[in-house]
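Structural characterization, general
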Amino acid sequence: MFKKTTLFLIFICYSVLGQTSYRNLSSENWLFNKQGETKKHIATIPGTVHTDLFANQLIPDPFFGANEKQLQWIENENWEYETTFLLSEKEISNENIELEFEGLDTYATVYINGKIVLEADNMFRKWIISANNHLKKGKNHLKIVFQSAVQKGKEEAEKLSYTLPEKERVFVRKAQYQFGWDWGPRFVTAGVWKKVQLKFWNSAKIENIKYSQVELNDQKAILEFTTEIHVSEVKTIQLKINEKSETFHLKKGTNKVKMHYEISNPKRWWCNGLGFPHQYEFYFSLEQSRKIIDNKELKIGLRTIELVQDKDEFGTSFYFKLNDKPVFMKGANYIPQDSFIPKQTPSSYYELVQNARKANMNMLRVWGGGVYAHDEFYNACDANGILVWQDFMFACAMYPGDEKFVENIKHEVIDNVNRLQNHPSIALWCGNNEIDEGWHNWGWQKQFKYSQADSTKIWNDYKKVFHEVIPETLDSLLSNEKNLYWPSSPSIGWGKKESLTQGDSHYWGVWWGKEPFEMYKKKVGRFMSEYGFQGMPNWVTLEKVIAKEDLNFTSEAFKNHQKHPTGFETINEYMARDFPVPNSIEKYNYVSQLLQAYGMKIAIKAHRLAKPYCMGSLYWQLNDCWPVTSWSTLDYYGNWKAAHYQVKESFAPILLAVTENADGLSIIGSNDNLEAISGTLAVKLIDFSGKELWTASKECNLDVEKNTNCLQISNAELPKFEKEKTALILEFNSNQKKIFAHHYFVKPKELQLEKPTIEIKIVGETLIELKTNTLAKNVYLQANSAFFEENYFDLIPGFPKIIKTQKPTQEIKVMSLFDVMNE
Ligand code: BMA
């Protein structure tokens, strides 16, 4: 007994005394007020002024109806946040006390006990203040005054002799989408948007851990960890990494110590579809005289990543190699999940990334008009095998280039690269979104009447930031792969033919250029990093934010939830080309989703059929920051739009596709696995009642590096058939896989559909079976917003479908395209 107690006491001393510890100040009682007003209200930290005002019932719901318009005054005010907290004798006696802000949005003057200790000016930076001299035992007062970022931006803009596009927004290092986007409302927030805490440390602390892969093969991995250790005086310490320990003699200040770590038979981190995203966990502890002073945990994935740009007969390739294997990237562009980011939770990041994985994606692009995402987003990407194309946060405008601004950017790069670079998911760092393209193609020079001297200055400022400061800072920080920097996405605008032969492409001829969906087949570049089409969010989503009487295209509330200037006009024009245009708004909502899905299907098919010329397809956009009609495939609440089901199918590891040409049909297989797959391809021509009109079959080996033309069917081989009443069914059977696909010969609006009788049977607690007597096109199932693993699918006679539901489901409403055609 005695022995046990002594051991326990020793353990306590060993592990607690003098060890770095934290105190989360987010959970203290915080108050806020508008500057100049004495009335204070309860605040939530992390948070934003808009969400605090709403929580105190001082403003209506910002997302509801057209409320956005009457809430614009908030951005012009200054806001004060404050709290008092008690510090104990023990806390105050620590050698070092630091006040850490993970994020302040944006112009923040921080006072401790009435004294200014920080003037922050960048939402993306982390701010650390040595606070010993400002804090005292007992009661302490912390106050943060946020100056209006809009006013601040305007003041800065005034100082220039020329006007930069997007005016005040480009002068403030703050999430750019908050100033309004073609899918997002204007809510320029202020507040403590990330965690705030006190850090207590004594004698030494671990700062930044980085690693590099000195050697990586199937037998072993040798890792070199570089750990920054900060000590307050000369000292000898032990650094332990898992079971390995080494002694270091350190000088006062920051020391970089290196330790090697070997792993035998290492497992690689693979992206979704190619293997398991294996991660290794490391526990670092800093010890002195057998006492733990500080510790940190780190998860890493062993993988190599490379961006290959080789000259070829067409131009220059643009593809990623993961662990030496070329990978076709399939995914989407990610925008912030909320106009008010602190509303999101760790699980909402996971859910979103899981929805990307479920849709067979392997890459997301964190778009430059948002924020460097939350740690949990990258953790979720690491765990789900989703690679990240990481933009720096600059978009669609020109930025200032004065010394102070550039220095601020440099610190922003340091903070974020240090925070993110150990994530195995990070594949590429990209300078900005559409700035190079904008400068060369969007007519700013004329619009803002730049003189030659202005133009030269603006472009030189651009080059300084995106061709020098960012890449040089990045390179000085990256410890693994170098050269993973791409200055601007895209490198060439979609109006130029070179955009299809080199670099990455944003192709907006469809949508912005009103070109037909078929154009997707022609406009295939080396890596499609943006293209897309709008679809409405689920009807229930609209019902949440628009009053019943306003659910029509003419109400202000409805119009406010479409941010593209000609959004509904464009949807309408495309719908009339390919689909029946319904009168009822609910049915219109359904068809608008089918239309978006239809467009994405054509685009992705074209991109995959062009492999290996094209090696990436990231559509615009994965998600929304509020409930809105937009290019997203997941709505604000995470509901899958029809397009999300479609991209899941289109991004499947094996794509079976039919192409039509003058001589007949080709059946092509695109195999994105690591190994070739052989099997039997069976092809059937059927009428809509399921009657077989013609069949063929062939053995086929689906290669990996390039697509396989499995079967060529000449027109002469096929019987005469009515295109409006016929479908082609494809089935590929191998030992490992069974894959189905089907093809129509005309546009959806031209199909001659009969009224289907759809039978639904509950065949398990969460399983339903569906059958039909005639083709039921785009069957849409609804049941109290229950999630169906498949939805908006075509139900073909003779091919019953078993579908999993998330929860037991009883009353299922069914609708199909026939119901729209025969309104
Ligand atoms: C892309 C994006 C965004 C925009 C989208 C749709 O180019 O970079 O700027 O929301 O187009 O218009």
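Residues numbered from 1 in each chain as written. Predicted model: local features only at pLDDT ≥ 70, side-chain atom pairs only at ≥ 80, totals over all residues. Heavy atoms only, no water.

This part covers the overall build of the protein. Helices and strands together make up the secondary structure of the protein, namely 17 helices and 43 strands. Relative to the 2.2 N^0.38 estimate, which gives 28 Å for 823 residues, the radius of gyration of the protein is 29 Å and therefore close to what a compact globule would have. Each of the three principal axes of the protein carries a C-alpha extent, and together these read 90 × 65 × 65 Å. Put simply, the protein has 823 residues, and 59% of those count as buried. Restricting the contact set of the protein to residue pairs at least 6 apart, pairs at least 24 apart contribute 69%. Each charge class in the protein can be summarised by its mean position, and for the 98 positive and 102 negative side chains these summaries are 2 Å apart. (Helix = DSSP H or I, 4+ residues; strand = E, 2+ residues; numbered from the N terminus. Rg over C-alpha atoms; globule rule 2.2 N^0.38 Å. Buried < 20%, exposed > 50% of the residue type's maximum accessible area, 1.4 Å probe, protein only. Contact = heavy atoms within 4.5 Å. Lys, Arg positive; Asp, Glu negative; His and termini not counted. Charge placed at Lys NZ, Arg CZ, Asp CG, Glu CD.)

Attention shifts here to the packing of aromatic side chains. Under the definition given, this model contains 67 aromatic pairs. Ring centres of Trp73 and Trp79 lie 6.1 Å apart, and the angle between their planes is 50°; this geometry places the pair in the tilted category. When its relative accessible area of 3% is taken as the criterion, Trp79 is described as buried. Stacked on the ring of Tyr111, the Lys or Arg Lys143 has its end atom at 5.9 Å from the ring centre. Of note, Lys801 hangs over the ring of Phe793, and the distance from its end group to the ring centre comes to 5.3 Å. (Phe/Tyr/Trp six-rings, centres within 6.5 Å; stacked < 30°, edge-to-face > 60°. Lys NZ or Arg CZ within 6 Å of the ring centre and 35° of its normal.)

Let us now look at the site of the ligand. Close to the ligand lie Trp181, Asp182, Trp183, Trp367, Cys396, Asn433, Glu434, Trp508, Trp512, Glu530, Trp620 and Trp631. Note that an oxygen atom of the ligand is positioned 3.0 Å from one of the side-chain N or O atoms of Trp181. For the ligand, an oxygen atom lies 3.3 Å from a polar atom in the side chain of Trp508. Here the ligand, which alone exposes 310 Å², has 95% of that area covered by the protein. Counted by class, the shell around the ligand contains eight nonpolar, one polar and three charged residues. When residues of the shell around the ligand are sorted by domain, at least three fall in each of domain 1 (21-199) and domain 3 (305-650). (Near = heavy atom within 4 Å. Polar contact = N/O pair within 3.5 Å; in protein donor to acceptor, adjacent residues only side chain to side chain. Areas by Shrake-Rupley, 256 points an atom, 1.4 Å probe, with all protein chains shown as cover. Nonpolar A, V, L, I, M, F, W, Y, C, P; charged D, E, K, R; others polar. Domains from an automatic or database assignment.)

This part covers the pattern of salt bridges. This model, assessed by the stated rule, comprises 38 salt bridges. Note that Asp672 is salt-bridged to Arg608, the shortest N-O span being 3.0 Å. Remark: Arg608 occurs in helix 15 (residues 585-609) and Asp672 occurs in the loop between strand 32 (664-671) and strand 33 (677-687); sequence separation between them is 64 residues. Neither residue differs from the other here; Asp672 and Arg608 are each classed as buried. (Salt bridge = Lys/Arg side-chain N within 4 Å of Asp/Glu carboxyl O.)

In this section: the state of the cysteines. In this structure the tally under the stated criterion is one disulfide. At a sulfur-sulfur separation of 2.2 Å, the disulfide partner of Cys700 is Cys710. The disulfide joining Cys700 to Cys710 has a torsion of about -75° about its S-S bond and is therefore left-handed. Of this pair, Cys700 sits in strand 34 (residues 692-702) while Cys710 sits in strand 35 (residues 708-714), and the two are 10 residues apart along the sequence. Judged by relative accessible area, which is 7%, Cys700 ranks as buried. For Cys710, a relative accessible area of 2% gives the class buried. There is no disulfide at Cys396, and the cysteine sulfur nearest it, in Cys430, is 12 Å away. (Disulfide = S-S within 2.5 Å.)

Moving on, we come to the nonpolar core. In a soluble, globular protein the nonpolar side chains are often hidden away together inside. Core analysis: the largest hydrophobic core is formed by 177 residues, its most contacted members being Leu99, Phe101, Leu104, Met361, Phe377 and Phe392. Take this core: its biggest share by element is 13 residues, from helix 15. Aside from chain neighbours lying at most four places away, what touches Phe377 is Tyr334, Tyr349, Val353, Leu364, Val366 and Val388. With 26 residues, the next largest nonpolar core counts Ile209, Phe225, Ile263 and Leu302 among its residues. (Core = buried A, V, L, I, M, F, W, Y, C linked by side-chain atoms within 4.5 Å.)

As a rule of thumb, non-glycine residues mostly have phi less than zero, and peptide bonds are mostly trans rather than cis. With an omega dihedral of 0°, the bond running from Ser489 to Pro490 counts as a cis peptide bond. In this structure, Pro612 follows Lys611 across a cis peptide bond, with omega equal to 5°. Along the chain, Pro612 falls in the loop between helix 15 and strand 30 (616-619). Unlike most non-glycine residues, Trp511 shows phi in positive territory, near 85°. By the secondary structure assignment, Trp511 is in the loop between strand 28 (505-506) and strand 29 (528-530).

What follows covers the packing of helix 15 against helix 16 (residues 642-650). At a minimum axis separation of 8 Å, helix 15 and helix 16 run at an interaxial angle of 20°. With respect to their mutual orientation, helix 15 and helix 16 come out roughly parallel. The handedness of the crossing between helix 15 and helix 16 comes out as right-handed. Contacts between helix 15 and helix 16 involve Gln593, Leu594, Gln596, Ala597, Met600, Lys601, Ile604 and Arg608 from the former and Ala642, Ala643, Gln646, Val647, Glu649 and Ser650 from the latter. Residue classes in the contact of helix 15 with helix 16 are distributed as seven nonpolar, four polar and three charged. (Axes fitted to C-alpha atoms, helices over the stretch in contact; angles between N-to-C directions. Parallel < 35°, antiparallel > 145°, perpendicular 65-115°, else oblique. Left-handed = near helix turned anticlockwise from the far one by under 90°.)

Turning our eyes to something else, we now look at a nonpolar patch on the surface. Judged by side-chain polarity, Val763, Leu767 and Ile802 come together as a nonpolar surface patch covering roughly 230 Å² of accessible area. In this structure, Ile802 sits in strand 42 (residues 801-804). (Patch = residues over 30% accessible without salt bridge, like charges linked within 9 Å, V, L, I, M, F, W, Y side chains within 5 Å.)

Taken residue by residue, the protein gives an average pLDDT of 95. The fraction at 70 or more is 98%. Note on residues 1-17: pLDDT is under 50 here. Beyond four places in sequence and across chains, it has eight contacts. (pLDDT = per-residue confidence, 0-100.)

This part takes up the environment of Lys358. Of note, Lys358 is situated in helix 6 (residues 346-358). Sequence-wise, Lys358 and Ala652 are 294 residues apart; in three dimensions their C-alpha atoms are separated by 9.8 Å. Each residue touching Lys358, except ones within four places of it in the same chain, is listed here: Trp640 and Lys648.

Applying the stated criterion across every chain, the model contains six cavities of 30 Å³ or more. In this structure, the largest cavity spans a volume of roughly 160 Å³. What lines the largest cavity is a set of 14 residues, among which Arg303, Gln421, Leu478, Asn480 and Glu481 lie closest to the centre. The element that contributes the greatest number of residues to the lining of the largest cavity is strand 26 (residues 426-433), accounting for three residues. Its residues placed into classes, the lining of the largest cavity shows seven nonpolar, five polar and two charged. Its boundaries defined by the atoms lining it, the second largest cavity holds a volume of some 70 Å³. For the second largest cavity, the lining is made up of 16 residues, of which Glu75, Ser148, Ala149, Thr189 and Ala190 are closest to its centre. Within the residue set of the lining of the second largest cavity, elements represented by two or more residues are strand 9 (138-147) and helix 5 (149-158). (1 Å grid on protein atoms, 1.4 Å probe; cavity = no way out; pocket = protein on both sides within 12 Å on 5 of 7 lines; lining within 4 Å. Points joined across faces, edges and corners; volume = space filled by probe spheres on them.)

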